[in-house]
Amino acid sequence: MILTHRPAPNLQTLTGDLIALLEREKRRGRDYLRLGPAGRQTLAVLTASVAAGRPGTPARMRSTAGPPRIEAGPALEQLHEKIRNCRSCPLGGGRRQAVPGEGPATADVMVVGEGPGEEEDRLGQPFVGPAGELLTRMLLAIDLPREKVFIGNVVKCRPPGNRNPEAGEIRACFPFLQEQVRLIKPRLLVALGGVAARALTGSERGISEIRGKSFSWEGRLVIPTYHPAYLLRSPEYKREAWEDLKKIRRELERLIANDL
Ligand code: URA
């Protein structure tokens, strides 16, 4: 009798694939899990451990700065629960739900947009409308599957009529973004559009002037680029956005190589 040896399915790989599948379905409006806080916390821990164990995921556990990153999952979920209940500014009164952000607590890259739009407010997830689809393609073009990136916003609740968030609203929400960055410790932040770029760089210059340049915030590298919603309206700027994306990829590789 000939016995053929097949490698045993790797539980971590299966779990990771299952999580990715459920997240994709949720983005399409099919939320099979409908998790409460305890379930979300469990899922956050699973997601973090899968991301930490996946081949190609840098050995972030070696980091000497702060506790091992795998423990960031539950703390991040707690923070997100706080965000969901927040009423610190008037936006909290007009939203359907807050959108804390999503992605692994161990993400190397954090993308920061302006604030949720109508679809995001309905689904409770960031960048799920047409701009989100373009963002997903932009990330994939530099070999970053969306599931590996943490995607958040400067303000977590939808400004009425999709207007820009006001200074007071940004100020009220900013500590949440700071805490997310402290927990996730991304190697690199991408600021999408003028509002995020101003908030993360402190620069008052327009996005077309500062896009593709390097800044530092909370001790982390920040690279601004155009917001995907702007690129949908003005596709002539996609070439410049592509240059920025290539720089983001190069910088990420440098940071990983030096374990920064
Ligand atoms: N635009 C943003 O800035 N953020 C979102 O989450 C969606 C659209």
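If you're wondering where the values come from, they're calculated on a predicted model, not measured in any experiment.

Chemist: Sorry if this is basic, but what is going on with the overall build of the protein here?
Modeler: A count of helices and strands for the protein gives 11 helices and five strands. For the protein, the residues scored as buried account for 47% of the 260 residues in total. Sequence separation of at least 24 residues holds for 73% of the intrachain contacts in the protein that already meet a minimum separation of 6. For the protein, the computed accessible surface area is about 13300 Å², with 53% contributed by carbon and sulfur atoms.

Chemist: For this particular structure, what's the right way to read the packing of aromatic side chains?
Modeler: Aromatic ring pairs are reported here in terms of the distance separating the ring centres and the angle at which the planes meet. In the structure shown here, the tally under the stated rule is four aromatic pairs. Seen in terms of ring centroids, Tyr-226 and Tyr-237 are 5.3 Å apart; in terms of plane orientation they differ by 50°. Their pairing is tilted. One end of the pair, Tyr-226, is in the loop between strand S5 (220-225) and helix H10 (228-233); the other, Tyr-237, is in the loop between H10 and helix H11 (238-257), with 11 residues separating them in the sequence. Judged by relative accessible area, which is 27%, Tyr-237 ranks as partly exposed. Here a set of aromatic residues connected by ring pairs shows up, and it is made of Tyr-226, Tyr-230 and Tyr-237.

Chemist: Looking at this structure, how should I read the site of the ligand?
Modeler: Lining the immediate environment of the ligand, one finds Gly-113, Glu-114, Gly-115, Glu-120, Pro-126, Phe-127, Asn-153 and His-227. Between the ligand and Gly-115, the relevant distance is 3.0 Å, taken from a nitrogen atom to a main-chain nitrogen or oxygen of the residue. Asn-153 is positioned such that a nitrogen or oxygen atom in its side chain is 2.7 Å from a nitrogen atom of the ligand. Its free accessible area being 230 Å², the ligand has 91% of it covered by the protein chains. Residues belonging to the shell around the ligand are distributed by class as follows: two nonpolar, four polar and two charged.

Chemist: Is there a simple way to explain the packing of helix H3 (residues 72-84) against helix H7 (residues 167-184) in this structure?
Modeler: The angle between the axes and the distance between the axes are what describe a pair of packed helices. Between H3 and H7, whose axes approach to 10 Å, the crossing angle comes to 170°. With respect to H7, the axis of H3 lies roughly antiparallel. Across the interface between the two elements, Ala-72, Ala-75, Leu-76, Leu-79, His-80 and Ile-83 from H3 touch Phe-176, Glu-179, Gln-180, Leu-183 and Ile-184 from H7. Taken together, the residues that form the contact of H3 with H7 break down as eight nonpolar, two polar and one charged.

Chemist: Would you take a moment to explain the pairing of strand S3 (residues 188-192) for this structure?
Modeler: Each regular strand displays side chains that alternate between the two surfaces of the sheet. With five of five residues buried, S3 lies mostly within the body of the structure. Where burial is concerned, the two faces of S3 agree: the one with Leu-188, Val-190 and Leu-192 and the one with Leu-189 and Ala-191 are both buried. In terms of strand pairing, S3 meets S5 through five bridges, oriented parallel. Across the sheet, the residue bridging to Val-190 is Ile-223, located in S5.

Chemist: For this particular structure, what's the right way to read the sheet that holds strand S4 (residues 215-217)?
Modeler: Backbone-to-backbone hydrogen bonds join strands into a sheet, with any given pair of strands oriented parallel or antiparallel. The five strands lie next to each other as S2-S1-S3-S5-S4, forming an open sheet whose pairing is mixed. Since the sheet does not close on itself, it has two edges, and those belong to strand S2 (150-153) and S4, each with one partner. Mean inter-strand twist for the sheet, computed between neighbouring axes without regard to direction, equals 30°. Strand direction decides the pairing type here: strand S1 (residues 109-113) and S2, joined by four bridges, are parallel. The residue of S2 that forms the bridge with Val-111 is Ile-151. The strands that helix H8 (residues 193-201) touches are S1, S3, S4 and S5; relative to S3, the one it contacts most, it runs at about 135°. Against the sheet, H11 makes contact with S1, S3 and S5, and its axis sits at roughly 165° relative to S5, the strand it touches most.

How each quantity is defined
Residues numbered from 1 in each chain as written. Predicted model: local features only at pLDDT ≥ 70, side-chain atom pairs only at ≥ 80, totals over all residues. Heavy atoms only, no water. Helix = DSSP H or I, 4+ residues; strand = E, 2+ residues; numbered from the N terminus. Buried < 20%, exposed > 50% of the residue type's maximum accessible area, 1.4 Å probe, protein only. Contact = heavy atoms within 4.5 Å. Areas by Shrake-Rupley, 256 points an atom, 1.4 Å probe, with all protein chains shown as cover. Phe/Tyr/Trp six-rings, centres within 6.5 Å; stacked < 30°, edge-to-face > 60°. Near = heavy atom within 4 Å. Polar contact = N/O pair within 3.5 Å; in protein donor to acceptor, adjacent residues only side chain to side chain. Nonpolar A, V, L, I, M, F, W, Y, C, P; charged D, E, K, R; others polar. Axes fitted to C-alpha atoms, helices over the stretch in contact; angles between N-to-C directions. Parallel < 35°, antiparallel > 145°, perpendicular 65-115°, else oblique. Pairing = 2+ DSSP bridges.

Bear in mind that shape data such as this cannot, by itself, settle questions of function.
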